[in-house]
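# Structural description and commentary
Read off the chains here:
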Amino acid sequence: MPVNDAQKRAIARLTARIATRDGPKLGRGTGFLVRQDGLMLTAFHAIGDLLRGVPTADPITVDFAEPGARPAFSTSATLVRSSAKDDWALLRCAKVPDNVAAFTLAPICPGFEVGWSSFGFSEAAIDMGMVYEGTIRSFGRRLQLFAEEATAAEASRIRGLSGGPCLVDGYAVGIIQAANQTEVSKGVWEVREGAVFALPLSTLVEACKDELSIRGPSPPFVPEVAHLLAPADNLLRGAAQILKLPDPTAIRGAALAERVAEGMLRGGLKLASEALDAVVLGLSLKNVIQILDFAGSLWIHERAAEHVARVVACKDEKKAIFINASRPDTAQRFVHRAGYPTVRHPGWTSHLRTVPSTLPEPLLDALEREVRRILLHQFKCDDDELDGELSEHPHDTKPIVVVIPPPLPSATVLSALQGRFPQIRFALLAGEVITDEARAISRETGAEIIEPLIAPGHEEQARKAHARALAILQASHEAAHRTSEERRS
């Protein structure tokens, strides 16, 4: 999503006099407004000496500009709080222009090849500012970003962009901090391979909890998880403390269960499993596994889930989908995540089945037999009753999805299979990389490749993280209940 004019107005050029061991120097960077009363985020090294961890003692000059014009609104800013270790600073501007709206902050959803954009006052455009955009390459303590603009000789003069926002889908998710640069001649630096780095804003949550809110949209599955947590009502305050929920003593009962459920789902799989560990004594193992499955589906990017939902729920065209994954349980998580906004409950997965990965030739006949077998088992009917069952099934709210693992069927086979089962949605697992073959099949059959794509290696990382969390919770559940039994006896 490109940077629009309203967003550019909320991004400013910063200058500061910085005392270093080698004497004073003029620091330059970019900052972005994060609250309407003048709070602004930037990189620490734009306003201080990063090596010594000392911010400037002088007022910081902040210059806002109208898009396409030189900065015309100048003000000063003072430091509110900062971290030289993580290279960020929170400033307070003395005043802000009337026509400026602060950015909404959100956590980044890791593991998908999503686009990012930014705007800042680099050396390539020190007065007018310049847009940078590209793809997030990797996630972790820092986000590695690729920027087409940073590969150009002129635009690679990127100094001054530091402190600008990393924007995804219009939300600020990070602070631009550094670039992978090479000194090509004395004092002249160029960005290598367009690589830029950003600090995820989630790193600032605890330090800036009194000033900033980094929440993002409400996660799905909260009522379902709250219902599963209800039997552990007397243990939920312990989970609330682990989740660092505000004043958990002020709420109780169903309201506390819902607050804990939302905290688990917002916090990701690791935090959800830690909070679950505090309540395992009050839950059945089945409930624990179900809650972990809900949390485990949230690594699927919201935009990818929405793409699945649009295709699967479309009444006019019956298209197949390609997912760049190898595991059937990944397809289940896509459908699990996709169905919820449509029907307000995770019912889509109850009608999802997978055909075997190894089938005899001819492949079309083998696939037809497997799909028919799946449907007969699903409806618990005889072969001559299947057409009637399919015609009466509520496909709008409970679509039947059949997953076809690698290797991919040809375009001819897929088209013929769709012709024989027009009511069924087929989800094809294309492997980690969408190959030219998969793209050709997509073009010939009209099947849609689900985007954004999963980042390389992330499907396996998510699987391992879920397996580790499940193993720990199963052991914890067994130990807690064994200890409880021993005490009672």
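Refer to the structure above for everything that follows.
Quick summary incoming for the structure in this document.

Parameters at a glance
Within every chain, residues take consecutive numbers counted from 1 along the sequence as written. A pLDDT threshold of at least 70 governs which residues receive local features in this predicted model, and a stricter bar of 80 or more applies before side-chain atom pairs are shown or counted, although totals over entire chains, interfaces and linings include all residues. To obtain the side-chain values, all non-hydrogen atoms of the structure were used and water was disregarded. Any Lys or Arg side-chain nitrogen found within 4 Å of a carboxyl oxygen on Asp or Glu counts as a salt bridge. Here a strand is any run of E in DSSP of at least two residues, a helix any run of H or I of at least four, and the numbering for each starts at the N terminus. For every residue, the accessible area obtained with a 1.4 Å probe (protein chains only) is divided by the maximum for its type, and the residue is called buried under 20%, exposed over 50%, and partly exposed between those limits. Disulfides are defined as pairs of cysteine sulfur atoms found within 2.5 Å of each other. The contact rule is simple, with two residues in contact once any of their heavy atoms fall within 4.5 Å. Pairing of N or O atoms within 3.5 Å defines a polar contact, subject to two protein rules: one partner must be a possible hydrogen donor and the other a possible acceptor, and residues neighboring in sequence count only if both atoms are side-chain atoms.

Before going further, it helps to examine the pattern of salt bridges. With the rule as written, the count across this model stands at 24 salt bridges. With a shortest N-O distance of 3.0 Å, Arg266 and Glu262 are connected by a salt bridge. Here the residue Arg266 and the residue Glu262 both occupy positions in helix α4 (residues 253-277), the gap between them amounting to four residues, near one helical turn. Judged by relative accessible area, Arg266 falls into the partly exposed class, the value being 30%. On the basis of relative accessibility, which here comes to 18%, the residue Glu262 falls in the buried class. In this structure, Arg463 engages Glu460 in a salt bridge whose closest nitrogen and oxygen atoms are separated by 2.6 Å.

Inspection of every chain in the model, using the stated rule, returns zero disulfides. We note that Cys93 lacks a disulfide partner, and the nearest cysteine sulfur, in Cys208, lies 15 Å from it. Using a relative accessible area of 1% as the deciding quantity, one classes Cys208 as buried.

Within the element layout of this structure, Arg9 appears in helix α1 (residues 5-9). You can call Arg9 partly exposed: its relative accessible area is 22%. Sequence-wise, Arg9 and Pro67 are 58 residues apart; in three dimensions their C-alpha atoms are separated by 6.7 Å. Here Arg9 is in contact with Phe64, Ala65, Glu66, Pro67, Asn99 and Val100, once residues within four sequence places are set aside. Of note is the side chain of Arg9, whose polar atom sits 3.1 Å from the side chain of Glu66.

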